[in-house]
Amino acid sequence: MDGDIRQPTMKDVANKVGVSQPTVSHVINGTAPISDNVKKKVMEAIDELGYVPNAMAKGLKTRKSSIVGLIVPDVSLHFYSSVVKAVERALRVQGYMVFLCNTFYNPELERQYIETLIQHNVIGVLSCSDLLDKKSDKLLEKYRIPLVLIDSGGGENDCTMCISVDNVAIAKMAVDHLYEGGARNICYVSEPMGTDVIGLRVQAFKQVMKEKGLECGERYCFVAPKQYDNYDKMHMGYNIGANIVVNPEIDAVFASSDEFAFGVLSRLKEYGVKIPDDILLMGIDNDELSSMVTPSLTSIVQPIKEMAKIGVKMLCEAIREEPIDTNKIILEPSILIRESTVKPDRR
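Attention in this report is confined to the structure presented alongside it. Everything quoted here is computed from the prediction, not taken from an experiment.

**Points about the packing of helix α1 (residues 10-17) against helix α2 (residues 21-29)**
Contact geometry of α1 with α2 gives a least axis separation of 8 Å together with a crossing angle of 105°. Relative to α2, the element α1 lies roughly perpendicular. Contacts between α1 and α2 pair Met 10, Lys 11, Val 13 and Ala 14 from the former with Gln 21, Val 24, Ser 25 and Ile 28 from the latter. Of the residues in the contact of α1 with α2, the class split is 5 nonpolar, 2 polar and 1 charged.

**Details of unusual backbone geometry**
Excluding glycine, a negative phi dihedral is what most residues carry, and trans is how most peptide bonds are arranged. That bond from Ile 275 to Pro 276 is cis: its omega, 10°, falls within 30 degrees of zero. Its location among the elements puts Pro 276 in the loop between α11 (258-270) and β9 (280-284). Positioned with a positive phi, Asp 285 is a non-glycine residue whose angle comes to about 105°. Note that Asp 285 resides in the loop between β9 and β10 (298-301). By relative accessible area, which is 10% here, Asp 285 ends up buried.

**What about the packing of helix α8 (residues 167-180) against helix α9 (residues 196-211)?**
Where α8 meets α9, the axes come as close as 8 Å, and the angle between the chain directions of the two elements is 50°. When the axis of α8 is compared with that of α9, the two are oblique. Classified by chirality, the crossing of α9 by α8 is right-handed. Side by side, α8 and α9 meet where Asn 167, Val 168, Ile 170, Ala 171, Lys 172 and Val 175 of the first sit next to Val 197, Leu 200, Arg 201, Ala 204, Phe 205, Gln 207, Val 208 and Met 209 of the second. Tallied by class, the residues present in the contact of α8 with α9 amount to 10 nonpolar, 2 polar and 2 charged.

**Structural notes on the nonpolar core**
Ranked by internal contacts, the top residues of the largest apolar core, which has 78 residues, are Val 87, Leu 126, Ile 186, Val 189, Ile 244, Val 253 and Phe 254. Take this core: its biggest share by element is 10 residues, from helix α12 (residues 304-319). Apart from residues no more than four positions distant in its own chain, Val 253 is found in contact with Cys 187, Val 189, Ile 244, Val 264, Ile 279, Leu 280, Leu 281 and Met 282. Among the nonpolar cores identified, the runner-up in size contains 14 residues, and Cys 101, Ile 114, Ile 145 and Cys 162 belong to it.

**Examining the sheet that holds strand β5 (residues 161-165)**
Taking strand neighbours across the sheet as the criterion, the 6 strands line up as β2-β1-β3-β4-β5-β11 in an open arrangement whose pairing is parallel. Strands with a single pairing partner mark the edges of an open sheet, and in this sheet they are β2 (97-102) and β11 (328-331). Strand after strand, the sheet turns through a mean of 15° between neighbouring axes, direction not considered. Where strand β3 (residues 124-127) and strand β4 (residues 147-150) come together, 3 bridges link them in parallel fashion. By the bridge assignment for β4, Val 125 is matched with Leu 147.

**A short note on the pattern of salt bridges**
For side chains of opposite charge, pairing can occur when their charged atoms come near one another. In total, this model carries 10 salt bridges according to the counting rule given. Note that Glu 115 and Arg 111 form a salt bridge whose closest N and O atoms lie 3.4 Å from each other. Here Arg 111 and Glu 115 lie together in helix α6 (residues 107-119), a separation of 4 residues that amounts to about one turn. By relative accessible area, which is 32% here, Glu 115 ends up partly exposed. Salt-bridge contacts for Lys 172 lead to Asp 176; the nearest nitrogen and oxygen are separated by 2.8 Å. In this pair, Lys 172 and Asp 176 both sit in helix α8, 4 residues apart, roughly one turn of the helix. Judged by its relative accessible area of 42%, Lys 172 falls in the partly exposed class. Because the salt bridges share partners, they merge into one network encompassing Lys 172, Asp 176 and Lys 212.

**Examining a positive patch on the surface**
A surface patch of positive charge is lined by Lys 85, Arg 89, Arg 92 and Lys 305. Looking at the positive patch element by element, the count peaks at 3 residues for helix α5 (residues 78-93). The residue Lys 85 is located in helix α5 in this model.

**Comments concerning the pairing of β10**
What you see with β10 is no split at all: Thr 298 and Ile 300 on one side and Ser 299 and Val 301 on the other are buried throughout. The sheet contact formed by β9 and β10 spans 3 bridges and is parallel. Pairing of Gly 283 across the sheet is with Ser 299, part of β10.

**With respect to α5**
Over its 16 residues, α5 extends 23 Å from the first C-alpha to the last, a length consistent with the 22 Å expected when each residue adds 1.5 Å. For α5, the set of buried residues is His 78, Phe 79, Tyr 80, Ser 82, Val 83, Val 84, Ala 86, Val 87, Ala 90 and Leu 91. Against the buried residues of α5 lie β1 (67-72), β2, β3, β4, α11 and α12. Looking one or two places after α5, you find Gly 95, whose phi comes out positive at around 90°.

**A short note on the packing of aromatic side chains**
All told, the structure shown has 3 aromatic pairs when counted by the stated rule. A centroid spacing of 5.1 Å and a plane angle of 25° characterise the contact between Tyr 188 and Phe 205, whose relative ring orientation is stacked. One end of the pair, Tyr 188, is in strand β6 (residues 186-190); the other, Phe 205, is in helix α9, and 17 residues separate them in sequence. Of the two residues, Tyr 188 and Phe 205, both sit in the buried class.

About the cut-offs
Residues numbered from 1 in each chain as written. Predicted model: local features only at pLDDT ≥ 70, side-chain atom pairs only at ≥ 80, totals over all residues. Heavy atoms only, no water. Axes fitted to C-alpha atoms, helices over the stretch in contact; angles between N-to-C directions. Helix = DSSP H or I, 4+ residues; strand = E, 2+ residues; numbered from the N terminus. Parallel < 35°, antiparallel > 145°, perpendicular 65-115°, else oblique. Contact = heavy atoms within 4.5 Å. Nonpolar A, V, L, I, M, F, W, Y, C, P; charged D, E, K, R; others polar. Buried < 20%, exposed > 50% of the residue type's maximum accessible area, 1.4 Å probe, protein only. Left-handed = near helix turned anticlockwise from the far one by under 90°. Core = buried A, V, L, I, M, F, W, Y, C linked by side-chain atoms within 4.5 Å. Pairing = 2+ DSSP bridges. Salt bridge = Lys/Arg side-chain N within 4 Å of Asp/Glu carboxyl O. Patch = residues over 30% accessible without salt bridge, like charges linked within 9 Å, V, L, I, M, F, W, Y side chains within 5 Å. Areas by Shrake-Rupley, 256 points an atom, 1.4 Å probe, with all protein chains shown as cover. Lys, Arg positive; Asp, Glu negative; His and termini not counted. Charge placed at Lys NZ, Arg CZ, Asp CG, Glu CD. Expected span 1.5 Å × (residues − 1). Phe/Tyr/Trp six-rings, centres within 6.5 Å; stacked < 30°, edge-to-face > 60°.

Okay, here's the thing in structure tokens:
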């Protein structure tokens, strides 16, 4: 039986070339002037031996690495997977790699990830929501690791760097559109309050409804119970749809995400409710399936690529200890109108 394959070391490279280990280290890290001839021989030996520099060891020595921690509640959800791709691309341009952490809305798991990121000497952390465990914030501060929140207003901490989309604008855009479509009994349906932005959207919806003089009590606002072990938005939307079916007064539904709206759509179709003839329906995030379902789904669009680009820029400035113009940025949403909110007589 073959034994374990030994990984080549810096010492092996040095011995092969006939130079010291510090010389090899200087060639790899560019930390001292080395002749082109020696550089060429070292790089050839690295290729031949298959030597891979130990990033962990380098991080322990310098207290820095080229790794950025990226925390997301659930990468399987459309919004977060889109953010991850956009952030990863932006970070690669800056020379950083991503350590992806899926918390599944679990504060304890989030805390474990934060501790792991610290142990790996990450140079910064991006989180696609507010941190659920406040001790996590304190740990990052203690080790002077910069943190930027994406899709979060930063909560009560005025020093937190964050980028979010204007939730009041989202609610106003949706309610105005549904109102113009003839709806007066508009219902809001939402996933559990797993992040601060979800709570802000509910508050924003109620605020806009009151400003229009429309009812926004419990009969017109449904929030799914916590189901973090199985955070299936479509299934949650399907279950919440039962509340809409039994209330014949509801003439429009605004969902906290397109995925949630898909579940509502499925339930309403089962009961013979016609969209948009009987009820107007729309969501948020412009899921790639929104243009493919029948009827196609009207959706509020969040500028995900811009959020990611700004978030990475803020983090890089913090890493370089450069001055930051503002630590809280709020972006504007837009709307894509499709079949689900346009009645045939209005087309």
